[in-house]
Amino acid sequence: MSGLTHFDARGQAQMVDVAGKSETHRVARAEGRIRMSAATLDVIEAGGSKKGDVLGVARVAAIQAAKRTSELIPLCHPLPITHAAVEFRIDRALASVVCTAQVETLGRTGVEMEALVAVQIGLLTVYDMCKAIDRAMQIESVRLLEKHGGRSGSWTAAAEPPA
């Protein structure tokens, strides 16, 4: 279990002790996409869903998810989120909607999980709102793009996700 901070010396799950860490400005940015039929993409773009503004609702769901990450992932610390921004863009070439989330805090631990959860819940909300017309939608390529702050400093992903 060497190197895995969520396990103690006996291999038991534990919440990482962050008491000795300094509070710093921490930022994480993540992205993912949901592929769908061109017809479904047209409905989203036109705002014609029977459930309303798909991307507007998904944006609010993603922000809410970032704030509640510690309720979903058992060993995550509850964090005071200072900022959460979620963007969606239509990618016609890949018949998909791309979600990007940036989450920030002033704290003792990072917000990578919050950004990743925000993206996934945003994309799941798109699925939920459009499943009546396209059950074959596929969520994919969810990944951390970058993180800044804390002892480990900054990290940026390679330009393309691994195959």
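What counts and what doesn't
- Residues numbered from 1 in each chain as written.
- Predicted model: local features only at pLDDT ≥ 70, side-chain atom pairs only at ≥ 80, totals over all residues.
- Heavy atoms only, no water.
- Pairing = 2+ DSSP bridges.
- Helix = DSSP H or I, 4+ residues; strand = E, 2+ residues; numbered from the N terminus.
- Salt bridge = Lys/Arg side-chain N within 4 Å of Asp/Glu carboxyl O.
- Buried < 20%, exposed > 50% of the residue type's maximum accessible area, 1.4 Å probe, protein only.
- Arc of directions from axis to C-beta.
- Contact = heavy atoms within 4.5 Å.

Colleague: I'd like to hear about the sheet that holds strand 3 (residues 96–107), residue by residue, with values.
Modeller: Spatially, 2-3-1-4-5 is the arrangement adopted by the 5 strands of the open sheet, whose pairing is antiparallel. Edge positions in the open sheet fall to strand 2 (81–91) and strand 5 (155–156), since each of these has one partner strand only. One ladder, built from 8 bridges, connects strand 1 (residues 24–35) with strand 4 (residues 138–148); its direction is antiparallel. The residue bridging R29 from the neighbouring strand is E146, located in strand 4.

Colleague: Talk me through the pattern of salt bridges; I want residue IDs and the actual numbers.
Modeller: Evaluated as defined, the whole model comprises 8 salt bridges. Here R33 makes a salt bridge to D91, at a shortest N to O gap of 3.0 Å. Placement of R33 in strand 1 and of D91 in strand 2 is noted, with a sequence separation of 58 residues between them. In this structure, R33 and D91 share a single accessibility class: buried. With a closest N to O distance of 2.8 Å, R92 and D42 form a salt bridge. Highlighted residues: R92 in the loop between strand 2 and strand 3 and D42 in helix 1 (residues 38–46), separated in sequence by 50 residues. A residue is classified by how much of its surface remains accessible, and R92, at 41% relative accessible area, is partly exposed. A residue is classified by how much of its surface remains accessible, and D42, at 39% relative accessible area, is partly exposed.

Colleague: So what's going on with helix 1? Which residues, and what values?
Modeller: Taken together, the buried positions of helix 1 are occupied by T40, L41 and I44. Each buried residue of helix 1 sits inside an arc of 100° when the element is viewed along its axis, so together they form one side. Exposed and oriented more than 90 degrees from the buried face of helix 1 are A39 and A46. Taken together, the buried residues of helix 1 touch helix 2 (54–67), strand 2, strand 3 and helix 4 (112–130). Following helix 1 by one or two positions, G47 adopts a phi angle in the positive range, close to 70°.

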